[in-house]
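For reference, the chains in residue letters:
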Amino acid sequence: MGKKIAGILRGELISSGFYVLLGLCLVLMPAQTVNIICKVVFGIVLAAAGLYHLSIYIRGKDSTTILDLFTGVIVLVLGGFLFFNPVIVVKLLPLLLGAFVLVDSIWKLKGSFQLRKRKRTEWQVFLFVSLIFIILGGIMMADPFVKTKISILFDGWVLVVNGASDFIFYFLLKRGLKAADKKAEEVSEEKTEQAEETVEAAEDEKTVPEEQTLEADDRSAPEEETPEEEVLEEWKD
């Protein structure tokens, strides 16, 4: 398994933990969690980003443009507005959480096709699970519930189950990719060995005719008489 894929899987493991924690907070402490998300995440963070852009413009750095002033003012005002009017964020919260689940489900869908490409049997299960969470993410974004509390509780449970399934999916996907890569390496080594044996057999076949040719030449060549043998024959005569 490549380093790039391993890094992506580790990143998804962290996001899975975040989904589980956020889901538990929404289920166990819906009012407090929503208040923190609305005021801290959307209010204070946006206001801090606006102040940062304003500070860049005021300090007059070389890279500063009028866009920093414009962005700083807009983001600062938006952060302050959301901090004092969290009801707007509450209405948008199911849409944002549903988008998280939808994106994560698409990642699981992609992982199932990775397993299918490597001929692992687990891909069918995760294809089915990813399609279920795509549907649930769509329901979260549509927000068909009348009461906000029911909507928040539903979103929380979906996040918890989605995060837990991500943990299982992470380990099975990692194991499946490793097993597939190991099998591919074994097949490659087997093909290499077969190729080497073929080359050796071809060399042996080439060597045998050469030896046979040399032996035939030796048998067909007449024996040359040495000078001593010629002298002896003349003396006998």
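The coordinates are above.
Here's what I pulled together on the structure shown here.

Definitions and limits used
- The numbers attached to residues start from 1 for each chain and follow its sequence in the written order.
- A pLDDT threshold of at least 70 governs which residues receive local features in this predicted model, and a stricter bar of 80 or more applies before side-chain atom pairs are shown or counted, although totals over entire chains, interfaces and linings include all residues.
- Each side-chain value is derived from all of the structure's non-hydrogen atoms; neither hydrogens nor water enter the calculation.
- For this analysis, a nonpolar core means a set of buried residues of the types Ala, Val, Leu, Ile, Met, Phe, Trp, Tyr and Cys, connected via side-chain atoms within 4.5 Å.
- When a residue's accessible area, from a 1.4 Å probe over protein chains only, is under 20% of the maximum for its type it is buried; when over 50% it is exposed; and in between it is partly exposed.
- Labels follow the DSSP assignment, with helices taken as runs of H or I lasting at least four residues and strands as runs of E lasting at least two, numbered in each case from the N terminus.
- Contacts are assigned to residue pairs that have any heavy atoms within 4.5 Å of one another.
- We call Phe, Tyr and Trp rings a pair once their centres come within 6.5 Å, taking the six-membered ring for Trp, and we label the pair stacked below 30 degrees between planes, edge-to-face above 60, and tilted otherwise.

## Description of the nonpolar core
Reasoning step 1: The biggest cluster of nonpolar side chains holds 17 residues, and the ones touching the most others in it are Leu22, Leu26, Val34, Leu93, Leu97, Val101 and Leu159.
Reasoning step 2: Only α1 (3–28), α2 (30–59), α4 (86–117), α5 (123–142) and α6 (148–220) provide two or more residues apiece to this core.
Reasoning step 3: Per element, the largest residue contribution to this core is 5 residues, and it comes from α4.
Reasoning step 4: Residues in contact with Leu97, not counting those within four places in the same chain, are Leu22, Leu26, Met140, Asp155 and Leu159.
Reasoning step 5: Among the nonpolar cores identified, the runner-up in size contains 6 residues, and Leu115, Trp123, Phe126 and Phe169 belong to it.

## Digging into the packing of aromatic side chains
Reasoning step 1: Scanning all chains against the criterion turns up 5 aromatic pairs.
Reasoning step 2: Ring centres of Tyr19 and Phe100 lie 6.4 Å apart, and the angle between their planes is 40°; on these two criteria the pair is classed as tilted. In this pair, Tyr19 is assigned in helix α1 and Phe100 in helix α4, connecting sequence segments 81 residues apart.
Reasoning step 3: Between the aromatic rings of Phe145 and Phe154, the centroid separation amounts to 5.0 Å while the plane-to-plane angle is 50°, which identifies the pairing as tilted.
Reasoning step 4: By relative accessible area, Phe145 is classed as partly exposed at 28%.
Reasoning step 5: Taking relative accessible area as the criterion, Phe154 reaches 24% and is therefore assigned partly exposed.
Reasoning step 6: Chaining the aromatic ring pairs together yields one cluster made of Phe18, Tyr19 and Phe100.

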